Amino acid sequence: MSFEEQQDFARQVADLNKYGQALNRCESVEEVVSLTLEAMSLLFQFSYSTFIEVRDGELEVVHSTNPRLTQGGKPGPVAQQAFEAAETVVTTGDEAGLDGDSDVTATLAVPAQVGGEVTAILVTRSTSVDTFGEEYSRPLEILASHAATAISNIRSRERLERARQDLETRKEMIEMYDRLLRHDLGNDLQIIAGFADVVASEVEGQTAEYVGKIQRAAESSADLIERVGNLVSTLEEQDEPEPQDLRVILEDTAAEVEANYPELTVDFDPETADYRVYSGDLLDSVFTNLVSNAAVHNDGPVHMDISVAEAGSGTVVIAFADDGSGVPEDIRSEIFEMGAKGPDSSGTGFGLGFVRALTESYGGDVTVGESDMGGAEFRVTLQRA
């Protein structure tokens, strides 16, 4: 019998919709799990119900009414099968129980996907039916989808809250360094430059040459402090991350950089980037910096591919891959530090530091490796909205 052919079909659909609405109002994963197990008990009235969450590719029992399963433990093989196949699995007979002494006659494992990724699995076991047909699997699949969506939303809110807290901490540290640089070091440089000017008017020859070097070093340091101060001001003004259209930002970035750098060609399919991500008004600066780097730090024509490399339930990974000279492996771990730059770079070394600071303030991450074309590949991870 199909799910729709049951006599109580309308009632079950109404019950599932009510639970779906209630699950979307849950504030914690524990609430979602408790409400889901309650729904399973009322809908099916079977002996054992288990809620399994997928965390970093590993299955973990969150809660179960089966005394043979413990919270935080590993589920039975049927859950693993459902996870790997990403589809509903039914087992019967001896294979249905967790061990040979079990009185379970049939087991139903239903995976729930969000954004193409299995995030939760619901398992119910019966000691009274011989198998599970569609009249059981379909309502459980609907319930699993509601539960997985609710958990995904909660996890996204948690990641966003951590990003907001990190942003506040980062702003406090930035303000402290800003005061230190502009006030203490700035005053010292003014004193150095002032005395150097006095000495320069009274000496000549090699001594005058040395004084000139002191003056130039003081001017260069003052200029660097001003640029760092501007960066600090920019970061301080960043608001909390908000949902943004990734496609629009990438389209504008690709068009702008290609127009400004004739030696750079960019391949980008906008339809692959139809996602909303949490970010701020300066996300375009992050992307522009990464794309323009390919033109600035390579001689001759450079080709870049921009693509969405991964799109899970909670994050989107954007890849910027070029066929240039790449980033040496021995400096990849430090290239995002403020002031760090390659041995042949003529820049200030703050561009990629700026990229990382902004990306992390959005709750994301940025890494660099080697592209399939032999050049550099920067990957920016952002939270999905």
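Everything in this summary refers to the structure shown in the same document. (Residues numbered from 1 in each chain as written. Predicted model: local features only at pLDDT ≥ 70, side-chain atom pairs only at ≥ 80, totals over all residues. Heavy atoms only, no water.)

What follows is about a negative patch on the surface. On the surface, E242, D252, E256, D281 and D284 cluster together to form a negatively charged patch. Within the element layout of this structure, D252 appears in helix 6 (residues 246-260). (Patch = residues over 30% accessible without salt bridge, like charges linked within 9 Å, V, L, I, M, F, W, Y side chains within 5 Å. Areas by Shrake-Rupley, 256 points an atom, 1.4 Å probe, with all protein chains shown as cover. Salt bridge = Lys/Arg side-chain N within 4 Å of Asp/Glu carboxyl O. Lys, Arg positive; Asp, Glu negative; His and termini not counted. Charge placed at Lys NZ, Arg CZ, Asp CG, Glu CD. Helix = DSSP H or I, 4+ residues; strand = E, 2+ residues; numbered from the N terminus.)

Among the nonpolar cores identified, the biggest contains 40 residues, and F287, I306 and F320 are the most heavily contacted of them. Listing elements by their share of this core, those giving two or more residues are helix 6, strand 7 (264-268), helix 7 (283-296), strand 9 (302-311), strand 10 (315-322), helix 8 (351-361), strand 11 (365-370) and strand 12 (376-383). The greatest single-element share of this core, amounting to seven residues, is contributed by helix 7. The contacts of F320, once residues within four sequence positions are left out, are L250, F287, L290, V291, M304, D305, I306, A376, E377, F378 and V380. One finds V29, V62, A112 and V114 within the second-largest nonpolar core, a separate group that totals 34 residues. (Core = buried A, V, L, I, M, F, W, Y, C linked by side-chain atoms within 4.5 Å. Buried < 20%, exposed > 50% of the residue type's maximum accessible area, 1.4 Å probe, protein only. Contact = heavy atoms within 4.5 Å.)

Bringing the pairing of strand 5 (residues 117-126) into the picture now. Within strand 5, nine of the ten residues are buried, which leaves it mostly tucked inside the rest of the structure. Inspection of the sheet shows strand 1 (residues 48-55) paired to strand 5 by six bridges, in the antiparallel sense. Directly across from F51, in strand 5, lies its bridge partner L122. Strand direction decides the pairing type here: strand 4 (residues 106-114) and strand 5, joined by nine bridges, are antiparallel. Following the sheet pairing, A106 is matched in strand 5 by S126. Linking two consecutive strands that pair antiparallel, namely strand 4 and strand 5, is a turn of two residues; a positive phi of about 65° is found at G115 within it. (Pairing = 2+ DSSP bridges.)

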